[in-house]
Amino acid sequence: MRAVAAGDREALRILHQRYGNALAVVAERILGERADAEEVAADVLWQVWRQAGTYDRARGSVGAWLMTVVRSRAIDRLRSRNARASAHERAGDEAGAHGAADPVADLHSAERRRAVAAAMATLHENERAVLELAYFSDLSQSIIAERTGLPLGTVKSRIRSALLKLREGLQQFGR
Amino acid sequence: MDHDQLKDLLPLEALGRLEGEERAAMAAHLAAGCDECEAELRQFREALAAMAMNAAGEASADRIWSRLESRLKFEQAADSGSPAEAMRAPSSARGASAVRRWRFATAVAAAAAVVLAVVAGRYANNAELTRRQSADRIAALIDQNRALAVENENQRRELAIAHLKLSASGRLTQAMLAPDARVIRLGPLAPARGAAGIVAVSEADRQAVLHVAGLPPPPPGKEYELWWIGAKSGPLRAAVFAPGANGSATVASTMPPVGERLLASAITLEPAGGVDKPTGAAYLKGVP
């Protein structure tokens, strides 16, 4: 990130290789449209290129920072699309408050993917479904409760137990 | 709200899903510098990011890079000043030469210029018309594309929700039909004489599912909690739930404790989110 902040294009290319697809996939899950998702992914990397200096290692990994930013941007775009707003979204503001202390050079390694999959497998199917619905959509907890027919307290407790299990699973399987 | 209550809300904060007073209380708590919550929030965000980065999808890295590259080229050009120059120069040259021509124009040349201007004007109008038509067409296609994407997204959500609704009842049926199914019937206790429940456990499928009916709605801030009561371990939390409007619910629970005799299973009323050991009144109880 320091190299990107210093204007090193090769560093930006490496960052793109490591996270570009993941950014687009997350955006596509939220937006349901690939071209828009790729635009959002490019927006996020462009934001990183322009504002890498605002990244704070003490506050989290590069991956977590990027995922927070891309989710927020994709949801923004979804809202503006639903509101039938203008065709082109402005380049965003706040470079995100979460940064990374990460030597996670192997984020996309097969080993890591297996570890995350194993952690996800510890979730009950209904916990996983609620967690994914809360993450990959713009639905509030109360709307999720309404749409799923579950009481609000259950939605909250499922999200909580899912995330606790996911965190514990990641610790157990190799973070 | 105190620290413990806010700590319970950290998963929702990590998802950006807190609302109203809870959201404001969390912001104030974090702003006040609670290191413990800050650290836990960071862990949850990392876990969500790991989940997100593992989501399956098709590769589109080349197209993303080409979008980025075009921006980088534009930025480089803008920094060097050449595009601005390139865009300005022809226009000022045209302006200067037009002024010169005007100064030396004769009456005949002026008439010819008028004719030329009319023709040029028509071409310009036609070009403008074509440009507008193209822009309208593109805007219509963008709108159409958006509408289809929204429809697609809505269908995807409906599917996820349907899946969610089916999953609990499907799992109950599956657990009850498993060859090694063990079923524990839960009988009503004093607070809910009309209630009944059943827990189906399949060791082979590694799943346990609870179905209850006739439970009264829990008061605000409370939820029901299912317990496994082991001979050695005592009560262990199995599931936390709130029944629907009709008093029924079907939820997955943890598996019963391994390697010890199960004495009973029971449901108590507890603070929302559940507790580690039962504290409230028992509503249903059954023995294996």
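Rules used throughout
Residues numbered from 1 in each chain as written. Chains lettered and ligands numbered in written order. Predicted model: local features only at pLDDT ≥ 70, side-chain atom pairs only at ≥ 80, totals over all residues. Heavy atoms only, no water. Helix = DSSP H or I, 4+ residues; strand = E, 2+ residues; numbered from the N terminus. Buried < 20%, exposed > 50% of the residue type's maximum accessible area, 1.4 Å probe, protein only. Contact = heavy atoms within 4.5 Å. Areas by Shrake-Rupley, 256 points an atom, 1.4 Å probe, with all protein chains shown as cover. Expected span 1.5 Å × (residues − 1). Bend = angle between axes of the 7 residues up to and from the residue. Core = buried A, V, L, I, M, F, W, Y, C linked by side-chain atoms within 4.5 Å. Salt bridge = Lys/Arg side-chain N within 4 Å of Asp/Glu carboxyl O. Axes fitted to C-alpha atoms, helices over the stretch in contact; angles between N-to-C directions. Left-handed = near helix turned anticlockwise from the far one by under 90°. Nonpolar A, V, L, I, M, F, W, Y, C, P; charged D, E, K, R; others polar. pLDDT = per-residue confidence, 0-100. Buried area = accessible area lost by both parts, 1.4 Å probe. Pairing = 2+ DSSP bridges. Phe/Tyr/Trp six-rings, centres within 6.5 Å; stacked < 30°, edge-to-face > 60°. Parallel < 35°, antiparallel > 145°, perpendicular 65-115°, else oblique.

Enquirer: How should I be thinking about the overall build of chain A in this particular structure?
Expert: Along its length, chain A carries eight helices and zero strands. Seen in sequence order, chain A has helices and strands lined up from the N terminus as α-α-α-α-α-α-α-α. Evaluated residue by residue, chain A yields a buried proportion of 53% over its 175 residues. Across chain A, the fraction of contacts at a sequence separation of at least 24, relative to all contacts at a separation of at least 6, is 74%. Split by element, the accessible area of chain A, about 7,300 Å² in all, is 48% carbon and sulfur.

Enquirer: Hey, could you run me through the overall build of chain B in this one?
Expert: Helix and strand counts for chain B come out as seven helices and eight strands. Counting all 288 residues of chain B, 36% fall into the buried class. Long-range pairs, those at least 24 residues apart, make up 61% of the contacts in chain B with a sequence separation of at least 6. For chain B, the accessible area works out to roughly 16,300 Å², and carbon and sulfur atoms hold 58% of it.

Enquirer: Help me understand helix 2 (residues 9-31) of chain A in this model?
Expert: For an α-helix, the turn length of 3.6 residues means that residues three or four places apart are oriented alike. Residue and element names in this part refer to chain A. Over its 23 residues, helix 2 extends only 28 Å from the first C-alpha to the last, a length that falls short of the 33 Å expected when each residue adds 1.5 Å. The sharpest bend along helix 2 comes to roughly 50 degrees, located at Tyr-19. Positive backbone phi, at 70 degrees, marks Gly-32, one or two positions downstream of helix 2.

Enquirer: Teacher, can you tell me more about the nonpolar core here?
Expert: Nonpolar side chains tend to gather and get buried jointly when the protein is soluble and globular. The biggest cluster of nonpolar side chains holds 80 residues, and the ones touching the most others in it are A:Leu23, A:Met67, A:Leu131, A:Tyr135 and A:Leu166. Ranked by the residues each element gives to this core, the list is headed by helix 2 of chain A, at 12 residues. When residues no more than four places from it in sequence are discounted, the contact partners of A:Tyr135 are A:Val26, A:Ile30, A:Met67, A:Arg71, B:Leu15, B:Leu48, B:Met51 and B:Ala52. Counting residues in each nonpolar core, the second largest holds 24 residues, with B:Leu186, B:Ala192, B:Val251 and B:Leu269 among its members.

Enquirer: Sorry, what's going on with the environment of A:Glu33 here?
Expert: Inspection of the secondary structure puts A:Glu33 in the loop between helix 2 and helix 3 (34-51). Among all residues touching A:Glu33, those that are not within four sequence positions of it are A:Glu28, A:Arg81, B:Asn145 and B:Ala149.

Enquirer: What's the story with the pattern of salt bridges in this structure? I'm lost.
Expert: If the charged atoms of two oppositely charged side chains come close together, the side chains can form a pair. For the structure on display, the rule yields 21 salt bridges over all chains. A:Arg73 is the partner of A:Asp43 in a salt bridge, and the nearest nitrogen-oxygen pair spans 3.7 Å. Residue A:Asp43 is located in helix 3, and its partner A:Arg73 is located in helix 4 (residues 62-82); the two are separated by 30 residues in the primary sequence. Of the two residues examined, A:Asp43 and A:Arg73, each falls in the buried class. Between B:Glu40 and B:Lys7 there is a salt bridge, with its nearest N and O atoms 3.8 Å apart. On the criterion of sequence distance, the pair formed by B:Glu40 in helix 4 (residues 35-53) and B:Lys7 in helix 1 (residues 3-8) is long-range, its members being 33 residues apart.

Enquirer: I keep staring at the packing of helix 2 of chain A against helix 4 of chain A and nothing clicks. Help me out?
Expert: The relative placement of two packed helices comes down to the angle between their axes together with the axis-to-axis distance. All names here are of chain A. Their axes nearest at 9 Å, the elements helix 2 and helix 4 cross at an angle of 35 degrees. As helix 2 packs across helix 4, the resulting crossing turns out to be right-handed. On the side of helix 2, the interface is formed by Leu-15, Tyr-19, Ala-22, Leu-23, Val-26, Ala-27, Ile-30 and Leu-31, while helix 4 contributes Val-62, Gly-63, Leu-66, Met-67, Val-70, Arg-71, Ala-74, Ile-75, Arg-77, Leu-78 and Arg-81. Its residues assigned to classes, the contact of helix 2 with helix 4 shows 15 nonpolar, one polar and three charged.

Enquirer: Would you take a moment to explain the confidence of the model for chain B for this structure?
Expert: Caution applies to low-pLDDT regions: their predicted coordinates should not be interpreted in detail. Of the residues in chain B, 76% have a pLDDT of 70 or more, and the chain-wide mean is 79. At the low end of the mean pLDDT range in chain B sits helix 6 (residues 82-103) of chain B, at 41; at the high end sits strand 8 (residues 282-286) of chain B, at 94.

Enquirer: It is not clear to me how the interface of chain B and chain A should be interpreted in this structure. Could you clarify?
Expert: Counting from both sides, the interface comprises 72 residues of chain B and, opposite them, 87 residues of chain A. Note on chain B versus chain A: buried area summed over both sides is about 7,000 Å², and carbon and sulfur give 57% of it. Area buried by chain B at its contact with chain A is led by B:Arg17, B:Met51 and B:Met53, which between them contribute 11% of it. Put simply, chain B and chain A have six salt bridges between them. In this structure, the salt-bridge partner of A:Glu39 is B:Arg67, at a minimum N-O distance of 2.2 Å.

Enquirer: How should I be thinking about the sheet that holds strand 8 of chain B in this particular structure?
Expert: Pairing between the strands of a sheet is mediated by backbone hydrogen bonds and can be parallel or antiparallel. All names here are of chain B. Here we have eight strands laid out as an open sheet, ordered 5-4-7-8-1-2-3-6, and antiparallel in their pairing. Either end of the sheet is taken by a strand with one partner, and the two such strands are strand 5 (234-241) and strand 6 (249-253). Geometrically, the sheet is characterised by an average inter-axis angle of 25 degrees between neighbouring strands, direction not taken into account. Of the strand pairs in this sheet, strand 4 (residues 222-230) and strand 5 are connected by seven bridges, and their pairing is antiparallel.

Enquirer: Is there a simple way to explain the packing of aromatic side chains in this structure?
Expert: Any pair of aromatic rings gets described here by the distance separating the centres and the angle formed by the planes. If you walk through the whole model with that rule in mind, you get three aromatic pairs over all chains. Measuring from ring centre to ring centre gives 5.0 Å for A:Tyr135 and A:Phe136, while their planes differ by 80 degrees; the resulting arrangement is edge-to-face. Looking at A:Phe136, the relative accessible area reads 5%, which means it is buried. Aromatic pair B:Tyr224 and B:Tyr283: ring centres 5.2 Å apart, planes at 75 degrees, arrangement edge-to-face.

Enquirer: How should the packing of helix 6 (residues 125-135) of chain A against helix 8 (residues 152-173) of chain A be read in this particular structure?
Expert: All names here are of chain A. Across the interface, helix 6 lies against helix 8 with an axial gap of 8 Å and an inter-helix angle of 100 degrees. The angle between helix 6 and helix 8 falls in the class roughly perpendicular. On helix 8, the residues touching Asn-126, Glu-127, Val-130, Leu-131 and Ala-134 of helix 6 are Val-155, Arg-158, Ile-159, Ser-161, Ala-162, Lys-165 and Leu-166. A per-class count over the contact of helix 6 with helix 8 returns seven nonpolar, two polar and three charged.

Enquirer: Explain the pairing of strand 8 of chain B to me, please; I cannot follow it from the model alone.
Expert: In summary, the side chains of a regular strand alternate between the two faces of the sheet. All names here are of chain B. Sheet analysis places strand 1 (residues 182-188) next to strand 8, joined by two bridges and oriented antiparallel. If you follow Gly-187 over to strand 8, its bridge partner there is Lys-285. Bridging between strand 7 (residues 262-271) and strand 8 involves four bridges; their strand directions are antiparallel. Each bridged residue has a counterpart across the sheet, and for Ile-267 the counterpart in strand 8 is Leu-284.

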